[in-house]
Amino acid sequence: MVDRLQPSAHTPVHHHPAELQKRFPCCTALLPCRAEVMRSPKQPAKLAMLLLLAVLLLCNGVGNVHGKTIHENSVDLHALLDFKKGTTNDPPALSNWNTTTHFCRWTGVNCTTTPPFRVLSLNLTGQNLQGQISPSLGNLTFRRALSLKVNLLEGIFPDALTNCSNLAFLLLSLNQLTGVIPPRIGNLTKLVALSLYRNNFTGIIPPVLGTISTLMRVSLAENQLSGQMPYELWQMPNIVVLILDQNSLSGGIPQILPNMSSLQVLSLTDNMLGGSLPSDIGDALPSLQTLFLADNAFEGHIPPSLGNALGLEQIDLSSNYFTGKIPSSFGKLSRMTILNLEGNNLESKDSEGWEFLDALANCRYLEVIALSDNQLEGAIPNSVGNLSIHLQYLVMGGNKLSGIVPPSIRKLNNLIQISLDYNNLIGTIGEWIGQLVKLQHLNLQSNNFVGGGSSSSMAYHRTEQTQPYTKH
């Protein structure tokens, strides 16, 4: 549609009626029959010519509006120009934003295909824009999408943006915006995706956000939001992705969760959330693929029902206060690639406590098992050798492990890192370490290994091609 827009000619062109009918058949019904004009003695020739000229102008507007620089919609035009005025660095992306070019051909602007031409979307992602977002953008009421992400925009989220009731995609992430998320955001009843992450928003998450039934993706991570997570967020019927990392949110996850069968990604890392997880979390979130709850204050047992969310691929519950045993139900998660439970108070005092490791042998795609800084005790089961051949990171430092390292570990020949530091392990390592040809990071310090060229303070790094595993 935009490709057909051309600068208008400034020289008037006169067309014979027959040519006019040929060029604009849609307008022929408005033209008087040539015979009727000729046979009507009372029809002044001048009037006929004026009528022809009027029809010509009307039809030319219908048939060739894309060839004009006349801005049919002055509201959208001025809203865009006001936005340009709000930028302070004269970015190259806005160099063609002037009235000599139809606004539908401006960089980042997408319009409807029929008059009056309205702005459908504005996409200025990553254009080095500086300045503030003009409230005039709220006058683009036909707009479906606004993306100003990855810029250097400052100031507040204009409340006027909530006037755009047709808006489906609002993407303002990776800027320097401040202030609160407007409570009137609930007016955007057709919103599908809201991305405000990595700004400096403060205040609470407006509870009304959870009443927008069309929402599928919400990312408010890396801001300074505070207060409790609104219960309404757990009632969004179509939510697929909910990311609220790195804020100062408090409260917890409701003990009685409604069925959120659409939710696939739940990431609440690095907040001030606490309490226990609902016992039926895996049943209430059956489509979950990613669960990131690290760096909070969650406590209690890890619910075995998580094993019922059979699509789970990534679990990070590190740096919390979880206690009890690691659920053996994790063995049902055949697609799981990452299991990070570091920095909790999880226990394994007997063979029953180690059943989870036997069960994890069913997770054939596991790449990361991180269990460091817990209360795991006793010998590492020989079943460690049955873990996924794709396993690259085995991190179990800072526990109370004892006995020898099972020689079966040598079967995990894709391991890049083994961390068993700060335990009470004994024996030698020579009979298994030589088989791990891809190993780059071996941390065995503060154990009681003997012989085999190792020592109790051994920390080994082969020529590094990858960085040691950390939860971040």
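Since this is a predicted model, take the numbers as computed values, not measurements.

A.B. asks: Would you take a moment to explain the pairing of strand 26 (residues 424–427) for this structure?
C.D. replies: As a general feature of sheets, a regular strand has side chains that alternate between the two faces. Of the two faces of strand 26, only one is covered, namely that formed by Leu 425 and Gly 427; the face formed by Asn 424 and Ile 426 stays uncovered. Pairing analysis gives three bridges linking strand 24 (residues 400–404) to strand 26, with the strands arranged parallel. By the bridge assignment, Ile 404 is partnered in strand 26 with Ile 426. The pairing of strand 26 with strand 28 (residues 448–449) spans two bridges and is parallel. Among the inter-strand pairings, Ile 426 is bridged to a residue of strand 28, identified as Asn 448.

A.B. asks: Could you clarify how one ought to interpret the environment of Glu 347 in this entry?
C.D. replies: Its place among the elements puts Glu 347 in strand 20 (residues 345–348). Sequence-wise, Glu 347 and Lys 325 are 22 residues apart; in three dimensions their C-alpha atoms are separated by 5.3 Å. With residues up to four places along the chain from it excluded, the contact list for Glu 347 reads Gly 324, Lys 325, Ile 326, Gly 353, Gln 375 and Leu 376.

A.B. asks: Where do I start with the packing of aromatic side chains in this structure?
C.D. replies: Ring pairs (aromatic) are described by centroid distance and by the angle formed between their planes. For the structure shown, the criterion picks out six aromatic pairs. With centroids separated by 6.3 Å and ring planes inclined at 70 degrees, the aromatic side chains of Phe 103 and Trp 106 adopt a geometry described as edge-to-face. One exposure class covers both Phe 103 and Trp 106, and it is buried. Ring centres of Trp 354 and Phe 356 lie 5.7 Å apart, and the angle between their planes is 20 degrees; this geometry places the pair in the stacked category. Each member of the pair, Trp 354 as well as Phe 356, is classed as buried. Taken together, the ring pairs connect Phe 83, Trp 97, Phe 103 and Trp 106 into an aromatic cluster. In this arrangement the basic side chain of Arg 144 is found over the ring face of Phe 142, its NZ or CZ atom lying 4.8 Å from the centre.

A.B. asks: Help me understand unusual backbone geometry in this model?
C.D. replies: Most peptide bonds take the trans form, and the phi angle of most residues other than glycine is negative. Residue Pro 116 is bonded to the preceding Pro 115 through a cis peptide linkage, with omega at -5 degrees. Examined against the element boundaries, Pro 116 turns out to sit in the loop between strand 1 (109–111) and strand 2 (119–123). Positive phi, normally seen in glycine, also occurs at Asn 128, with a value near 60 degrees. Relative to the elements of secondary structure, Asn 128 occurs in the loop between strand 2 and strand 3 (130–132). Look at Asn 128 and you get partly exposed, because its relative accessible area is 44%.

A.B. asks: It is not clear to me how the nonpolar core should be interpreted in this structure. Could you clarify?
C.D. replies: Most often, soluble globular proteins have nonpolar side chains that are buried together. Counting 110 residues, the largest nonpolar core has Leu 148, Leu 209, Leu 220, Phe 330 and Leu 360 as the members making the most contacts within it. Elements supplying a minimum of two residues to this core: helix 4 (74–86), strand 1, strand 2, helix 5 (281–284) and helix 6 (355–359). Broken down by element, this core gets its largest block of residues, four residues, from helix 4. Look past the residues within four positions of Leu 220 in its chain and what remains in contact with it is Ile 181, Leu 194, Leu 196, Tyr 197, Ile 205, Leu 209, Leu 225, Ile 243, Leu 244 and Asn 247. Among the nonpolar cores identified, the runner-up in size contains five residues, and Val 368, Tyr 393, Val 395 and Ile 416 belong to it.

Criteria and cut-off values
- All residue numbers refer to position in the chain's written sequence, counted from 1.
- With the structure being a predicted model, the display of local features is reserved for residues of pLDDT at least 70 and the display and counting of side-chain atom pairs for 80 or more, all residues being used for whole-chain, interface and lining totals.
- Based on all heavy atoms of the structure, the side-chain values leave hydrogens and waters out of the count.
- Burial status follows relative accessibility: with a 1.4 Å probe on protein chains alone, a residue under 20% of its type maximum counts as buried, one over 50% as exposed, and anything between as partly exposed.
- Under the DSSP-based scheme used, a helix requires at least four consecutive residues in state H or I and a strand at least two consecutive residues in state E, with every element numbered from the N terminus.
- At least two bridges found by DSSP between two strands is the condition for calling them paired.
- Contacts are residue-level and defined by heavy atoms, with any inter-residue pair within 4.5 Å sufficient.
- Pairing of aromatic rings covers Phe, Tyr and Trp, the last through its six-membered ring, and needs centres within 6.5 Å; plane angles under 30 degrees mean stacked, over 60 mean edge-to-face, and all others mean tilted.
- We call a charge positioned above a ring when the Lys NZ or Arg CZ atom is no farther than 6 Å from the ring centre and deviates by at most 35 degrees from the ring normal.
- Put simply, buried Ala, Val, Leu, Ile, Met, Phe, Trp, Tyr and Cys residues joined by side-chain atoms within 4.5 Å make one nonpolar core.

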